[in-house]
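Architecture and fold: a report
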Amino acid sequence: MLDESLLDTPEALAEADRRALLRGAAEAGARVRTAARHATEAGVPQLKPDGRPRGILIAGPGAAATCVADLLGTLAGAACPVTRLAPTGVAPAPGALRWDLPGWAGSVDLLLIATPDGTEPGLALLAEQAYRRGCTVVAVAPTRTPLAEATGASHSLFIPLATAAYDQEAQPLTASAPGVLWALLTPLLALLDRIGLVTAPADTLERIADRLDHVAERCGPAVATYSNPAKTLAGELADALPVIWTEGVSAGPAGRRFAAALAELAGRPALIAELPEALAAHSALLAGPLAAGADPDDFFRDRVDDPPALHARVVLLRDRPSGGLSAAPAARDLALGHDTPISELDPEEGAELETLAELIAITDFAAVYLALAAGA
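Scope of this entry: the structure provided in the associated data block. (Residues numbered from 1 in each chain as written. Predicted model: local features only at pLDDT ≥ 70, side-chain atom pairs only at ≥ 80, totals over all residues. Heavy atoms only, no water.)

1. Re empty space enclosed by the protein
By the definition in use, this model includes two cavities of 30 Å³ or more. In this model, the second largest cavity occupies a volume close to 30 Å³. Breaking the lining of the second largest cavity down by element, the ones donating at least two residues are α5 (62–76), α8 (178–195) and α15 (352–373). Here the element with the most residues in the lining of the second largest cavity is α15; it accounts for four residues. Residues of the lining of the second largest cavity, tallied by class, amount to eight nonpolar, no polar and no charged. (1 Å grid on protein atoms, 1.4 Å probe; cavity = no way out; pocket = protein on both sides within 12 Å on 5 of 7 lines; lining within 4 Å. Points joined across faces, edges and corners; volume = space filled by probe spheres on them. Helix = DSSP H or I, 4+ residues; strand = E, 2+ residues; numbered from the N terminus. Nonpolar A, V, L, I, M, F, W, Y, C, P; charged D, E, K, R; others polar.)

2. Observations concerning the sheet that holds strand β2 (residues 82–85)
Taken in spatial order, the five strands make up an open sheet running β2-β1-β3-β4-β5, and their pairing is parallel. Each of the sheet's edge strands pairs with one partner strand only, and the pair in question is β2 and β5 (157–160). Direction aside, the axes of adjacent strands within the sheet are offset by 20 degrees on average. Direction of pairing for strand β1 (residues 55–59) relative to β2: parallel, over a ladder of four bridges. (Pairing = 2+ DSSP bridges. Axes fitted to C-alpha atoms, helices over the stretch in contact; angles between N-to-C directions.)

3. Some remarks on unusual backbone geometry
In the segment running from L275 into P276, the intervening peptide bond is cis, with an omega of 5 degrees. Turning to its location among the elements, P276 is positioned in the loop between β7 (271–274) and α12 (277–281). For A20, which is not a glycine, the phi torsion comes out positive at approximately 55 degrees. When you line up the elements, A20 lands in the loop between α2 (10–16) and α3 (21–26). The backbone of H155 shows a phi angle near 60 degrees, a positive value even though the residue is not glycine.

Laid out in C-alpha cells, this is it:
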C-alpha cells in the first residue's frame, strides 16, 4: 500500500530514500553537464571519423544499458542499425555475465560499452575480442576499473562515467537510477553527434540539462502533490496496474524506460504498447477483470480486511503536439468506455531530445515516489 501522506512530507521522503534516488533525479541536469565535460576531455570533439559505421553494437548490464540502446537506436533511425548485445550467464552478477560479438562484426562496425560498474570480466573480454576483430571500441564506465584498463590496453576510447559521491554508497548501484541513465547516455550522444548519426551538439546537451533542471523544480519533494505532476502520477498509480501507451517515435523509449523503472525501483509491473496498435492489443484487457468497472461488488467489499482490487490505469505519453493526426482521442474513448481512468503527460514544446528528456524525467520522479511511498 502506498503511504500518500509521505509524498507531501519532504523530511520523511528524505529519510526513506536510502538509495539516494530522489537526489539522482534532482541532479540529472548536473549529471548531463558533467558527462558532457567528460566527453570533451576524453577528446570526442576532436575525433575525425572516416565516414559512418556500418552498424553500432551496444553492450552493458541492466536496464540502463537497455534504455541507452533503445534511445540511440530510435534517435539514429534508418541512418545506422543499432543492435544491443544481450548478455548470457547463470546470474545477473558482474562475474557471471558474458557478451559475444556477432559473426559479422568487423572493422567497419562500432562497439559501445556502457556500464555503471566496470568490474564485469565479460565486458573486458568483449573489448579485447572487438580489438582483435578490428572494431572501434568506445566505453563509458567508472575509472580505475578492469574495463577502463582493458580499453586503455587496446587503445580504445574510454570516457569516465559521471559519478556522484552518493553513488559509492549505493552498492550495488541501481541500473534504473535516474543519474545512471544520463551519465551513460550523454557521452554517447556527443559521440554519435560527432559521427553524424544524431544531432546533439554541446548547446543541445545544455538545453537537455536545462529541461531536466526545470522538471526537477516542478517535481521535487518540496512541491506539493496538487501541483507536482510526478507525485500526482504516483498517487494515481498507487493501487493500479499501469498500462502505458505511447504516441510518437521518441515517446516509445520513454514508455519502456518508465516500465523498467517501475519494475526495478518500485517493484511494480506495467504493460507497455505504442499507439495506435495499443488499441487492439489491450482492448480485451480493458474489457476484462482489470477494468475499473469489472467488479460490481467492489462497493460492498470489506475495505478494512480486504486489499483493494487491482485495476488498470492507462498512462498516455506523447511527444507530439495535441493538434494534427493522433490516436489519442481514440485511446481516451477506449479507456473511458471501459471505465478505465487515464493519465496523460504532454511535454512542453522543444526539440526532440528536450521533450524526450522531460518525459523520462517526470516518469523517473514518479517511479521514485512510488518506490519511497510504498517502502520499496
